[in-house]
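# Descriptive analysis of the structure
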Amino acid sequence: MAKGIRDKVAIIGMGCSRFGERWDAGPDDLMLEAFQECLHDAGIQKSDIQAGWMGVFFDEQSVGKSALPLSMALRLPNIPVTRVENLCATGTEALRGAVYAVAAGACDIAIAMGVEKLKDTGFGGLPERTKGTFEDLWLPQNTAPGGFAQLGAAYAARTRTDMADLKRAMAHISVKSHANGALNPKAHLRNPITEQQVLDARMVAYPLGLFDCAGVSDGAACAIVTTPEIARSLGKHNPVTVKALQLAPSNGVELAHGSWDGSYTLTTRIAAKRAYEEAGIRDPRAELSLIEVHDCFSVTELVVMEDLRLSPEGGAVRDVMDGFFDRDGKIPCQIDGGLKCFGHPIGATGLRMVYEIYLQLQGRAGERQLPDPRFGLTHNLGGLPNRNITSVAIIGRLGD
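All values reported here derive from a predicted model rather than from experimental measurement. (Residues numbered from 1 in each chain as written. Predicted model: local features only at pLDDT ≥ 70, side-chain atom pairs only at ≥ 80, totals over all residues. Heavy atoms only, no water.)

Take helix α4 (residues 144–159) next. Residues that lie three or four places apart on an α-helix share one face, since the helix turns once every 3.6 residues. Taking 1.5 Å per residue as the helical rise, α4 with its 16 residues ought to reach 22 Å, and the 23 Å between its terminal C-alpha atoms agrees with that figure. For α4, every residue scored as buried is listed here: Gly147, Phe148, Ala149, Leu151, Gly152, Ala154, Tyr155, Ala156 and Thr159. For α4, the elements touching its buried residues are α5 (163–181), β5 (203–205), β6 (208–209), α11 (298–307), α12 (316–321) and β10 (376–384). Remark: Arg160 follows α4 within two positions and exhibits a positive phi of approximately 55°. (Helix = DSSP H or I, 4+ residues; strand = E, 2+ residues; numbered from the N terminus. Expected span 1.5 Å × (residues − 1). Buried < 20%, exposed > 50% of the residue type's maximum accessible area, 1.4 Å probe, protein only. Contact = heavy atoms within 4.5 Å.)

In this section: the pairing of strand β8 (residues 240–249). In terms of burial, β8 is a largely internal element, nine of the 10 residues being buried. Pairing analysis gives nine bridges linking β8 to strand β11 (residues 387–397), with the strands arranged antiparallel. Residue pairing across strands places Val240 opposite Arg397, the latter belonging to β11. (Pairing = 2+ DSSP bridges.)

The subject of this paragraph is the domain arrangement of the protein chain. When the parts of a complex come together, some accessible area is lost, and that lost area is often used as the size of the interface. Structurally, the protein chain comprises domain 1 (9–121 + 218–239) and domain 2 (144–200 + 241–397). Taking the mean C-alpha position of each, domain 1 and domain 2 sit 24 Å from one another. On the side of domain 2, 32 residues touch domain 1, which itself brings 45 residues to the contact. Both faces considered, domain 1 and domain 2 share a buried interface measuring about 3100 Å² in area, 69% of it formed by carbon and sulfur atoms. Here domain 1 is connected to domain 2 by two salt bridges. Ionic pairing is found between Asp41 and Arg364, a salt bridge with its closest N-O pair at 3.2 Å. Linking domain 1 with domain 2 are 12 residue pairs in polar contact (both at pLDDT 80 or more), by the criterion used here. For the side of domain 1 that touches domain 2, the secondary structure elements donating two or more residues are β1 (10–16), α1 (27–42), α3 (90–103), β4 (109–116) and β7 (219–226). (Domains from an automatic or database assignment. Buried area = accessible area lost by both parts, 1.4 Å probe. Salt bridge = Lys/Arg side-chain N within 4 Å of Asp/Glu carboxyl O. Polar contact = N/O pair within 3.5 Å; in protein donor to acceptor, adjacent residues only side chain to side chain.)

Our focus in this paragraph is the packing of aromatic side chains. Any aromatic ring pair is given by two values, namely how distant the centres are and how the planes are angled relative to each other. Using the criterion set out here, one finds five aromatic pairs in the structure. Ring centres of Trp260 and Tyr264 lie 6.5 Å apart, and the angle between their planes is 75°; this geometry places the pair in the edge-to-face category. Cation over ring: Arg96 sits above Tyr100, and NZ or CZ is 5.6 Å from the ring centre. Directly above the ring of Tyr264 sits Arg269, whose terminal nitrogen or CZ lies 4.3 Å from the centroid. (Phe/Tyr/Trp six-rings, centres within 6.5 Å; stacked < 30°, edge-to-face > 60°. Lys NZ or Arg CZ within 6 Å of the ring centre and 35° of its normal.)

With 16 residues, α1 extends 22 Å between its outermost C-alpha atoms, agreeing within 8% with the 22 Å of an ideal straight helix rising 1.5 Å per residue. At its buried positions, α1 is contacted by β1, β2 (51–55), α2 (68–73), β4, β7 and α14 (346–361). Count one or two residues on from α1 and you reach Gly43, which has phi positive near 75°.

Moving on, we get to the sheet that holds strand β9 (residues 290–292). An order of β3-β2-β4-β7-β1-β8-β11-β10-β9 is seen for the nine strands of this open sheet, with the pairing classed as mixed. Edge strands, defined here as strands with exactly one partner in the open sheet, are β3 (81–84) and β9. Going from strand to strand, the sheet's axes swing by 25° on average, the running direction of each strand aside. By the bridge criterion, five bridges tie β2 to β4 in an arrangement that is parallel. Following the sheet pairing, Gly52 is matched in β4 by Ile111. Helix-sheet contacts for α1 involve β1, β2, β4 and β7, and the interaxial angle to β1 is about 140°. (Axes fitted to C-alpha atoms, helices over the stretch in contact; angles between N-to-C directions.)

Turning our attention to the pairing of β10. Within β10, eight of the nine residues are buried, which leaves it mostly tucked inside the rest of the structure. When β10 meets β11, the two strands line up antiparallel, connected through nine bridges. The partner of Thr378 across the bridge, within β11, is Ala393. Counted along the chain from β10 to the antiparallel partner β11, the turn is two residues long.

It is worth spelling out the packing of α5 against α11 at this point. Viewed as axis vectors pointing N to C, α5 and α11 meet at an angle of 105°, and their least axial separation amounts to 9 Å. On the basis of their axis angle, the class for α5 and α11 is roughly perpendicular. Of the residues in α11, those in contact with Leu166, Ala169, Met170, Ile173, Ser174, Lys176 and Ser177 of α5 are Ser298, Val299, Glu301 and Leu302. Class assignment of the residues belonging to the contact of α5 with α11 gives a composition of six nonpolar, three polar and two charged. (Parallel < 35°, antiparallel > 145°, perpendicular 65-115°, else oblique. Nonpolar A, V, L, I, M, F, W, Y, C, P; charged D, E, K, R; others polar.)

Take the nonpolar core next. Judged by nonpolar contacts, the single largest core of 48 residues is most densely connected at Tyr276, Ile291, Leu302, Leu308, Leu310 and Phe325. Every element with two or more residues in this core is listed here: α4, α5, β8, α9 (266–279), α11, α12, β10 and β11. Residues in contact with Leu310, not counting those within four places in the same chain, are Tyr276, Pro284, Arg285, Leu288, Ile291, Met305, Asp319, Phe324, Phe325 and Ile331. Counting 39 residues, the second largest nonpolar core, distinct from the first, contains Val9, Met14, Leu95 and Leu290. (Core = buried A, V, L, I, M, F, W, Y, C linked by side-chain atoms within 4.5 Å.)

So, on to the pattern of salt bridges. Tallied over the full model, the rule gives 24 salt bridges. A salt bridge links Asp120 to Lys117, with the nearest nitrogen and oxygen atoms 3.0 Å apart. Salt bridges sharing common partners tie together Arg158, Asp261, Arg269, Glu306, Asp307 and Glu313.

This part is about the packing of α3 against α14. Where α3 meets α14, the axes come as close as 5 Å, and the angle between the chain directions of the two elements is 65°. Taking contact as the criterion, the partners of Thr90, Gly91, Thr92 and Leu95 in α3 are, on α14, Ile346, Gly347, Gly350, Leu351 and Val354. When the residues that make up the contact of α3 with α14 are grouped by side-chain class, the tally is four nonpolar, five polar and no charged.

Okay, here's the thing in C-alpha coordinates:
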(Lines give C-alpha, C1' and ligand atoms only; values in the text may rest on other atoms or scores of the structure.)
Protein backbone atom coordinates (compact mmCIF):
# COMPACT_ATOMS: atom_id res chain seq x y z
CA MET A 1 0.00 0.00 0.00
CA ALA A 2 1.32 3.43 -0.92
CA LYS A 3 2.71 5.35 2.03
CA GLY A 4 3.31 8.71 0.37
CA ILE A 5 6.33 10.91 -0.14
CA ARG A 6 6.80 12.27 3.39
CA ASP A 7 10.48 12.71 4.33
CA LYS A 8 11.70 10.44 1.53
CA VAL A 9 13.33 13.28 -0.42
CA ALA A 10 15.45 16.22 0.73
CA ILE A 11 15.94 19.55 -1.02
CA ILE A 12 19.67 20.32 -0.83
CA GLY A 13 19.85 23.34 -3.08
CA MET A 14 17.63 25.99 -4.62
CA GLY A 15 18.08 29.01 -6.83
CA CYS A 16 15.89 31.70 -8.34
CA SER A 17 16.59 34.39 -10.89
CA ARG A 18 15.40 37.94 -10.47
CA PHE A 19 11.85 38.12 -11.87
CA GLY A 20 10.51 40.93 -14.01
CA GLU A 21 10.85 42.40 -17.48
CA ARG A 22 14.16 40.76 -18.25
CA TRP A 23 14.99 42.32 -21.60
CA ASP A 24 18.63 41.64 -20.73
CA ALA A 25 18.26 37.85 -20.66
CA GLY A 26 16.93 34.97 -22.73
CA PRO A 27 15.46 31.82 -21.19
CA ASP A 28 18.87 30.13 -21.22
CA ASP A 29 20.35 33.04 -19.28
CA LEU A 30 17.53 32.90 -16.73
CA MET A 31 17.99 29.16 -16.20
CA LEU A 32 21.73 29.62 -15.77
CA GLU A 33 21.17 32.42 -13.26
CA ALA A 34 18.96 30.21 -11.11
CA PHE A 35 21.16 27.15 -11.58
CA GLN A 36 24.39 28.82 -10.46
CA GLU A 37 22.81 29.80 -7.15
CA CYS A 38 21.22 26.36 -6.78
CA LEU A 39 24.40 24.38 -7.50
CA HIS A 40 26.46 26.50 -5.11
CA ASP A 41 23.80 26.06 -2.45
CA ALA A 42 23.72 22.28 -2.91
CA GLY A 43 27.48 21.98 -2.59
CA ILE A 44 27.79 19.33 -5.30
CA GLN A 45 29.30 19.11 -8.77
CA LYS A 46 27.19 19.38 -11.90
CA SER A 47 28.36 15.88 -12.80
CA ASP A 48 26.61 14.53 -9.67
CA ILE A 49 23.15 15.31 -11.15
CA GLN A 50 21.64 12.22 -12.76
CA ALA A 51 18.30 13.39 -14.20
CA GLY A 52 16.40 16.60 -14.85
CA TRP A 53 12.83 17.88 -15.25
CA MET A 54 12.07 21.15 -16.96
CA GLY A 55 8.76 23.01 -16.63
CA VAL A 56 7.66 25.59 -19.20
CA PHE A 57 4.11 26.54 -20.20
CA PHE A 58 4.23 28.74 -23.31
CA ASP A 59 6.86 26.68 -25.06
CA GLU A 60 6.59 28.58 -28.36
CA GLN A 61 7.26 31.90 -26.64
CA SER A 62 9.94 30.56 -24.29
CA VAL A 63 12.20 27.68 -25.30
CA GLY A 64 10.39 25.60 -27.92
CA LYS A 65 9.63 21.91 -27.70
CA SER A 66 11.54 19.25 -25.71
CA ALA A 67 13.79 19.59 -22.66
CA LEU A 68 16.91 20.11 -24.75
CA PRO A 69 17.23 23.77 -23.61
CA LEU A 70 17.72 22.53 -20.04
CA SER A 71 20.52 20.18 -21.05
CA MET A 72 22.17 22.69 -23.36
CA ALA A 73 21.87 25.84 -21.24
CA LEU A 74 23.34 24.12 -18.18
CA ARG A 75 25.75 21.89 -20.16
CA LEU A 76 24.43 18.89 -18.26
CA PRO A 77 26.45 15.67 -18.74
CA ASN A 78 24.06 13.98 -21.24
CA ILE A 79 21.69 12.88 -18.47
CA PRO A 80 17.99 12.15 -19.12
CA VAL A 81 15.90 15.33 -19.23
CA THR A 82 12.12 15.65 -19.52
CA ARG A 83 9.91 18.66 -20.29
CA VAL A 84 6.60 18.92 -18.41
CA GLU A 85 3.65 21.33 -18.61
CA ASN A 86 0.55 21.49 -16.40
CA LEU A 87 -0.78 25.05 -16.70
CA CYS A 88 0.15 27.22 -13.70
CA ALA A 89 1.13 24.10 -11.74
CA THR A 90 3.99 23.50 -14.21
CA GLY A 91 6.83 24.40 -11.84
CA THR A 92 5.48 22.14 -9.12
CA GLU A 93 4.99 19.42 -11.72
CA ALA A 94 8.70 19.60 -12.57
CA LEU A 95 9.53 19.28 -8.88
CA ARG A 96 7.15 16.33 -8.61
CA GLY A 97 9.00 14.50 -11.39
CA ALA A 98 12.39 14.97 -9.73
CA VAL A 99 11.11 14.11 -6.24
CA TYR A 100 9.33 10.95 -7.37
CA ALA A 101 12.39 9.77 -9.33
CA VAL A 102 14.59 10.07 -6.23
CA ALA A 103 11.97 8.48 -3.98
CA ALA A 104 11.62 5.57 -6.40
CA GLY A 105 15.36 4.98 -6.45
CA ALA A 106 15.62 5.70 -10.17
CA CYS A 107 18.36 8.22 -9.44
CA ASP A 108 20.18 9.64 -6.43
CA ILE A 109 20.27 13.32 -7.33
CA ALA A 110 17.88 15.16 -9.67
CA ILE A 111 17.17 18.73 -10.70
CA ALA A 112 13.83 20.46 -11.32
CA MET A 113 13.87 23.68 -13.33
CA GLY A 114 11.01 26.02 -14.21
CA VAL A 115 11.37 28.88 -16.67
CA GLU A 116 9.22 31.28 -18.67
CA LYS A 117 10.10 34.19 -20.95
CA LEU A 118 6.88 36.04 -21.69
CA LYS A 119 7.52 39.76 -21.80
CA ASP A 120 9.14 39.62 -25.25
CA THR A 121 5.75 38.70 -26.73
CA GLY A 122 4.46 42.24 -26.17
CA PHE A 123 1.35 41.06 -24.30
CA GLY A 124 0.64 42.73 -20.96
CA GLY A 125 -0.98 39.52 -19.74
CA LEU A 126 -1.09 36.04 -21.22
CA PRO A 127 -0.47 35.62 -24.95
CA GLU A 128 -3.41 34.51 -27.10
CA ARG A 129 -3.59 30.75 -27.35
CA THR A 130 -5.55 28.18 -29.24
CA LYS A 131 -5.05 24.61 -28.17
CA GLY A 132 -7.66 22.50 -29.88
CA THR A 133 -10.78 21.71 -27.92
CA PHE A 134 -9.24 22.83 -24.63
CA GLU A 135 -9.78 26.52 -25.32
CA ASP A 136 -11.75 26.92 -28.52
CA LEU A 137 -14.62 24.53 -27.82
CA TRP A 138 -15.17 25.09 -24.12
CA LEU A 139 -14.39 28.74 -23.61
CA PRO A 140 -14.13 30.81 -26.79
CA GLN A 141 -13.12 34.43 -26.12
CA ASN A 142 -12.35 33.48 -22.54
CA THR A 143 -10.24 35.76 -20.34
CA ALA A 144 -8.62 34.95 -17.01
CA PRO A 145 -9.93 38.10 -15.23
CA GLY A 146 -13.45 37.32 -16.46
CA GLY A 147 -13.30 33.76 -15.13
CA PHE A 148 -12.03 34.73 -11.69
CA ALA A 149 -14.39 37.71 -11.41
CA GLN A 150 -17.22 35.18 -11.48
CA LEU A 151 -15.55 33.30 -8.62
CA GLY A 152 -15.70 36.47 -6.52
CA ALA A 153 -19.34 37.14 -7.33
CA ALA A 154 -20.36 33.56 -6.59
CA TYR A 155 -18.42 33.57 -3.31
CA ALA A 156 -20.11 36.78 -2.20
CA ALA A 157 -23.54 35.36 -3.07
CA ARG A 158 -23.01 32.08 -1.18
CA THR A 159 -21.53 33.65 1.94
CA ARG A 160 -23.87 36.68 1.78
CA THR A 161 -20.87 38.98 1.82
CA ASP A 162 -21.52 42.59 0.90
CA MET A 163 -19.55 43.41 -2.27
CA ALA A 164 -18.10 46.52 -0.62
CA ASP A 165 -16.70 44.33 2.18
CA LEU A 166 -15.33 41.87 -0.37
CA LYS A 167 -13.63 44.69 -2.27
CA ARG A 168 -12.01 46.01 0.92
CA ALA A 169 -10.70 42.55 1.79
CA MET A 170 -9.35 42.15 -1.74
CA ALA A 171 -7.64 45.54 -1.41
CA HIS A 172 -6.09 44.47 1.90
CA ILE A 173 -4.63 41.42 0.14
CA SER A 174 -3.07 43.53 -2.63
CA VAL A 175 -1.66 46.08 -0.19
CA LYS A 176 -0.14 43.26 1.88
CA SER A 177 1.52 41.64 -1.17
CA HIS A 178 3.00 44.93 -2.32
CA ALA A 179 4.37 45.61 1.19
CA ASN A 180 5.98 42.15 1.24
CA GLY A 181 7.33 42.47 -2.29
CA ALA A 182 9.03 45.74 -1.38
CA LEU A 183 11.36 43.74 0.90
CA ASN A 184 12.31 41.25 -1.83
CA PRO A 185 15.26 42.24 -4.05
CA LYS A 186 14.27 39.64 -6.67
CA ALA A 187 10.64 40.75 -6.95
CA HIS A 188 9.16 42.18 -10.16
CA LEU A 189 7.14 44.87 -8.32
CA ARG A 190 8.61 46.55 -5.23
CA ASN A 191 6.30 49.55 -4.82
CA PRO A 192 4.10 49.80 -1.71
CA ILE A 193 0.51 50.88 -2.42
CA THR A 194 -2.45 52.03 -0.34
CA GLU A 195 -5.91 50.57 0.05
CA GLN A 196 -7.41 53.69 -1.50
CA GLN A 197 -5.24 53.29 -4.59
CA VAL A 198 -6.58 49.76 -5.01
CA LEU A 199 -10.20 50.82 -4.56
CA ASP A 200 -9.84 53.76 -6.96
CA ALA A 201 -8.06 51.81 -9.71
CA ARG A 202 -9.79 51.28 -13.05
CA MET A 203 -11.97 48.23 -13.36
CA VAL A 204 -10.75 45.18 -15.32
CA ALA A 205 -13.61 42.73 -14.71
CA TYR A 206 -15.91 43.53 -11.78
CA PRO A 207 -15.07 43.17 -8.93
CA LEU A 208 -11.44 42.95 -10.08
CA GLY A 209 -9.67 46.26 -10.48
CA LEU A 210 -6.17 46.79 -11.83
CA PHE A 211 -4.39 46.12 -8.52
CA ASP A 212 -6.39 42.92 -7.98
CA CYS A 213 -4.66 41.28 -10.96
CA ALA A 214 -1.19 39.72 -11.18
CA GLY A 215 0.72 40.30 -14.38
CA VAL A 216 3.23 37.95 -15.96
CA SER A 217 7.01 38.03 -15.72
CA ASP A 218 10.22 36.55 -17.02
CA GLY A 219 12.11 34.29 -14.63
CA ALA A 220 13.45 30.88 -13.64
CA ALA A 221 13.71 28.85 -10.44
CA CYS A 222 15.20 25.44 -9.69
CA ALA A 223 15.77 22.82 -7.01
CA ILE A 224 18.22 19.95 -6.54
CA VAL A 225 16.84 16.98 -4.60
CA THR A 226 18.27 13.77 -3.19
CA THR A 227 17.69 11.27 -0.40
CA PRO A 228 17.94 12.37 3.25
CA GLU A 229 20.84 9.94 3.66
CA ILE A 230 22.86 11.54 0.87
CA ALA A 231 21.91 14.97 2.16
CA ARG A 232 23.39 14.11 5.55
CA SER A 233 26.56 12.79 3.91
CA LEU A 234 26.91 16.22 2.29
CA GLY A 235 26.84 17.87 5.71
CA LYS A 236 23.17 18.89 5.70
CA HIS A 237 22.31 17.39 9.08
CA ASN A 238 18.69 18.53 9.37
CA PRO A 239 17.73 18.97 5.72
CA VAL A 240 14.58 20.50 4.31
CA THR A 241 12.33 17.68 3.14
CA VAL A 242 9.18 17.25 1.12
CA LYS A 243 6.30 16.34 3.45
CA ALA A 244 3.61 16.14 0.78
CA LEU A 245 3.22 16.74 -2.93
CA GLN A 246 -0.27 16.33 -4.34
CA LEU A 247 -2.01 17.13 -7.60
CA ALA A 248 -5.75 17.28 -8.33
CA PRO A 249 -7.14 18.01 -11.83
CA SER A 250 -10.73 18.81 -12.75
CA ASN A 251 -12.66 15.96 -14.33
CA GLY A 252 -15.49 17.98 -15.88
CA VAL A 253 -17.87 18.03 -12.91
CA GLU A 254 -17.54 21.79 -12.39
CA LEU A 255 -18.42 22.49 -16.04
CA ALA A 256 -21.21 20.01 -16.47
CA HIS A 257 -22.96 19.49 -13.12
CA GLY A 258 -25.06 21.73 -10.90
CA SER A 259 -23.46 20.43 -7.70
CA TRP A 260 -20.72 23.08 -8.05
CA ASP A 261 -21.98 26.63 -7.49
CA GLY A 262 -18.85 28.43 -8.71
CA SER A 263 -17.98 29.91 -5.30
CA TYR A 264 -14.91 27.80 -4.49
CA THR A 265 -12.18 25.77 -6.19
CA LEU A 266 -13.06 22.11 -5.94
CA THR A 267 -9.62 20.78 -6.85
CA THR A 268 -7.93 22.85 -4.13
CA ARG A 269 -10.10 21.16 -1.52
CA ILE A 270 -9.25 17.72 -2.90
CA ALA A 271 -5.49 18.33 -3.24
CA ALA A 272 -5.29 19.95 0.20
CA LYS A 273 -7.06 17.04 1.90
CA ARG A 274 -4.64 14.57 0.31
CA ALA A 275 -1.60 16.72 1.16
CA TYR A 276 -2.56 17.16 4.80
CA GLU A 277 -3.04 13.41 5.16
CA GLU A 278 0.30 12.71 3.48
CA ALA A 279 2.15 15.22 5.66
CA GLY A 280 0.39 14.27 8.88
CA ILE A 281 -1.12 17.76 9.27
CA ARG A 282 -4.34 17.49 11.28
CA ASP A 283 -5.09 21.16 11.95
CA PRO A 284 -3.58 23.30 9.16
CA ARG A 285 -4.75 26.58 10.73
CA ALA A 286 -2.75 25.75 13.86
CA GLU A 287 0.20 23.87 12.36
CA LEU A 288 1.26 25.77 9.23
CA SER A 289 3.80 28.57 9.69
CA LEU A 290 3.59 30.27 6.29
CA ILE A 291 1.91 29.76 2.94
CA GLU A 292 2.39 30.71 -0.71
CA VAL A 293 -0.91 30.46 -2.60
CA HIS A 294 -1.84 31.11 -6.21
CA ASP A 295 -2.83 34.77 -6.05
CA CYS A 296 -3.36 35.27 -9.77
CA PHE A 297 -6.13 37.57 -8.56
CA SER A 298 -6.69 38.91 -5.06
CA VAL A 299 -10.08 37.21 -4.86
CA THR A 300 -8.45 33.86 -5.63
CA GLU A 301 -6.21 34.22 -2.59
CA LEU A 302 -9.23 35.06 -0.45
CA VAL A 303 -11.38 32.16 -1.63
CA VAL A 304 -8.68 29.47 -1.38
CA MET A 305 -8.12 30.28 2.29
CA GLU A 306 -11.35 28.42 2.92
CA ASP A 307 -10.57 25.73 0.35
CA LEU A 308 -7.27 25.07 2.17
CA ARG A 309 -9.14 24.91 5.51
CA LEU A 310 -7.18 27.89 6.86
CA SER A 311 -10.32 29.96 7.36
CA PRO A 312 -13.75 28.67 8.34
CA GLU A 313 -16.48 28.62 5.68
CA GLY A 314 -17.53 32.22 5.13
CA GLY A 315 -14.76 33.46 7.42
CA ALA A 316 -12.01 34.44 4.95
CA VAL A 317 -13.05 38.10 4.69
CA ARG A 318 -12.92 38.50 8.45
CA ASP A 319 -9.53 36.72 8.70
CA VAL A 320 -8.05 38.86 5.94
CA MET A 321 -9.29 42.10 7.51
CA ASP A 322 -8.06 40.97 10.96
CA GLY A 323 -4.56 40.53 9.51
CA PHE A 324 -4.44 36.76 10.04
CA PHE A 325 -2.45 36.35 6.78
CA ASP A 326 -0.35 39.50 7.11
CA ARG A 327 3.40 39.42 7.65
CA ASP A 328 2.88 39.70 11.44
CA GLY A 329 -0.23 37.51 11.46
CA LYS A 330 -0.68 33.89 12.52
CA ILE A 331 -0.04 32.46 9.01
CA PRO A 332 1.85 34.93 6.81
CA CYS A 333 0.85 34.56 3.17
CA GLN A 334 2.95 35.63 0.15
CA ILE A 335 5.79 36.78 2.38
CA ASP A 336 7.91 37.14 -0.79
CA GLY A 337 5.26 39.22 -2.62
CA GLY A 338 3.46 36.31 -4.29
CA LEU A 339 2.44 36.16 -7.93
CA LYS A 340 1.19 39.72 -7.55
CA CYS A 341 4.61 41.24 -6.82
CA PHE A 342 7.39 38.63 -6.95
CA GLY A 343 5.97 37.85 -10.39
CA HIS A 344 4.42 35.08 -12.42
CA PRO A 345 6.67 33.44 -15.02
CA ILE A 346 4.28 30.52 -15.26
CA GLY A 347 6.73 27.63 -15.58
CA ALA A 348 8.82 28.91 -12.67
CA THR A 349 6.10 29.98 -10.24
CA GLY A 350 5.64 26.71 -8.31
CA LEU A 351 9.39 26.37 -7.74
CA ARG A 352 9.62 30.04 -6.75
CA MET A 353 7.08 29.37 -4.02
CA VAL A 354 9.07 26.41 -2.68
CA TYR A 355 12.23 28.57 -2.86
CA GLU A 356 10.72 31.03 -0.37
CA ILE A 357 9.65 28.25 2.02
CA TYR A 358 13.12 26.68 1.71
CA LEU A 359 14.85 29.97 2.60
CA GLN A 360 12.48 30.70 5.49
CA LEU A 361 12.94 27.24 7.04
CA GLN A 362 16.70 27.79 7.10
CA GLY A 363 16.58 31.35 8.43
CA ARG A 364 18.00 32.74 5.18
CA ALA A 365 15.21 35.04 3.99
CA GLY A 366 16.90 38.32 4.93
CA GLU A 367 14.54 41.19 5.72
CA ARG A 368 11.57 38.88 5.09
CA GLN A 369 12.65 36.28 7.65
CA LEU A 370 9.88 35.00 9.92
CA PRO A 371 10.53 33.81 13.48
CA ASP A 372 10.95 30.02 13.75
CA PRO A 373 8.80 28.69 10.84
CA ARG A 374 8.15 24.96 10.92
CA PHE A 375 5.86 23.92 8.04
CA GLY A 376 5.21 25.81 4.80
CA LEU A 377 2.59 25.16 2.14
CA THR A 378 2.60 26.06 -1.55
CA HIS A 379 -0.50 26.06 -3.77
CA ASN A 380 -0.91 26.46 -7.53
CA LEU A 381 -4.15 26.74 -9.43
CA GLY A 382 -3.69 26.33 -13.18
CA GLY A 383 -6.64 27.19 -15.39
CA LEU A 384 -9.97 28.73 -14.42
CA PRO A 385 -12.23 28.04 -11.42
CA ASN A 386 -14.42 25.74 -13.52
CA ARG A 387 -11.63 23.54 -14.91
CA ASN A 388 -8.13 23.55 -13.56
CA ILE A 389 -5.19 21.68 -12.09
CA THR A 390 -4.25 22.28 -8.47
CA SER A 391 -0.99 21.36 -6.79
CA VAL A 392 -0.34 21.49 -3.05
CA ALA A 393 3.11 20.91 -1.55
CA ILE A 394 4.08 20.92 2.13
CA ILE A 395 7.71 21.49 3.07
CA GLY A 396 9.42 21.15 6.47
CA ARG A 397 12.59 19.97 8.20
CA LEU A 398 13.47 16.28 8.46
CA GLY A 399 13.18 16.21 12.22
CA ASP A 400 9.69 17.75 12.33
